[in-house]
Amino acid sequence: MKLKTLLMIGLVIVAFTVTSAIAIDGGNSRKGGHLFKSICSGCHNHNSKGGVIKPSDKTMSQWDRYFRKAKRKHPGDIFKKIDKRDKRDINQFMFDGALDAPSEETCG
């Protein structure tokens, strides 16, 4: 029984470490939240054609995958207009509030 408990604790630690490593390095989640509200919420709110988007709509790995392919997947050209640092910050905000993140963020 004790071995199973230690094994489970070890698996949780490994899973957390791997998931944390997936996050984009250097993103500023707080700045990303402000950028999301100023850049993204114009199209992603209750009254828009882009529909409501919030961090908890995807898992951490899904957000990272989305932002890696954003230029190809996102309609319009917003990802061509914002610089890499801002995109990285928005990604970090979405990642930190993802469905499987330790603490869920909301966009207000």
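Refer to the structure presented above.
How each quantity is defined
- Along each chain, residue indices are assigned from 1 in the same order as the chain's sequence is written.
- Only residues with pLDDT of at least 70 get local features here, since the model is predicted, and only at 80 or more are side-chain atom pairs given and counted; chain-wide, interface and lining totals rely on the full set of residues.
- Only hydrogens and water are set aside; all other atoms, that is, all heavy atoms of the structure, feed into the side-chain values.
- Secondary structure follows DSSP: runs of H or I at least 4 residues long count as helices, runs of E at least 2 residues long count as strands, and numbering of each begins at the N terminus.
- Think of it in three bands: residues with accessible area under 20% of the maximum for their type are buried, residues over 50% are exposed, and the middle band is partly exposed, with areas taken using a 1.4 Å probe on protein chains only.
- In what follows, residue pairs with any heavy atoms lying within 4.5 Å of each other are defined as contacts.
- What sets the accessible areas is the Shrake-Rupley method with a 1.4 Å probe; for residues, cover comes only from the shown protein chains.
- What is meant by a nonpolar core is a set of buried Ala, Val, Leu, Ile, Met, Phe, Trp, Tyr and Cys residues, joined one to another through side-chain atoms within 4.5 Å.
- Within this document, salt bridges are pairs made up of a side-chain nitrogen of Lys or Arg and a carboxyl oxygen of Asp or Glu, the two lying within 4 Å of each other.
- One less than the number of residues in a helix, times 1.5 Å, gives the span that helix is expected to have.
- The definition of a polar contact used here is a pair of N or O atoms within 3.5 Å, where within protein one atom must be able to donate a hydrogen and the other to accept one, and adjacent residues in sequence count solely through side-chain atom pairs.

### Quick look at the overall build of the chain
Of the regular secondary structure elements, the chain holds 6 helices and 0 strands. Its helices and strands in sequence order give the chain the pattern α-α-α-α-α-α, from N to C terminus. Expressed as a percentage of its 108 residues, the buried residues of the chain come to 30%. Taking all contacts inside the chain whose residues are at least 6 apart in sequence as the whole, residues at least 24 apart take part in 68%. Summing over all exposed atoms, the chain offers an accessible surface of approximately 7600 Å²; the carbon and sulfur share of this is 58%.

### Digging into the nonpolar core
Ranked by internal contacts, the top residues of the largest apolar core, which has 16 residues, are Phe-36, Trp-63, Tyr-66, Phe-67, Phe-79, Ile-90 and Met-94. Going through the elements one at a time, α2 (29-40), α3 (60-68) and α6 (84-96) are the ones with two or more residues in this core.

### Re the environment of Arg-88
Mapped onto the elements of the fold, Arg-88 is located in helix α6. Overall, the relative accessible area of 28% leaves Arg-88 in the partly exposed class. Along the chain, Arg-88 and Gly-27 lie 61 residues apart, while their C-alpha atoms are 5.2 Å from each other.

### Side note on the pattern of salt bridges
Applying the stated criterion to the full structure yields 4 salt bridges. With its nearest N and O atoms 3.5 Å apart, the salt bridge here joins Lys-31 to Asp-89. A residue pair is termed long-range when its members are at least 10 positions apart, and Lys-31 in helix α2 and Asp-89 in helix α6 qualify at 58 residues. Note on Lys-31: relative accessible area 33%, which makes it partly exposed.

### Some thoughts on α6
In a regular helix each residue adds 1.5 Å, so 13 residues correspond to 18 Å; α6 covers 18 Å between its end C-alpha atoms and thus fits that length. Within α6 the residues assigned to the buried category are Asp-86, Lys-87, Asp-89, Ile-90, Asn-91, Gln-92, Phe-93, Met-94 and Phe-95. Backbone nitrogen of Arg-85 and a side-chain oxygen of the N-cap are separated by 3.2 Å at the start of α6; the cap is Asp-83.

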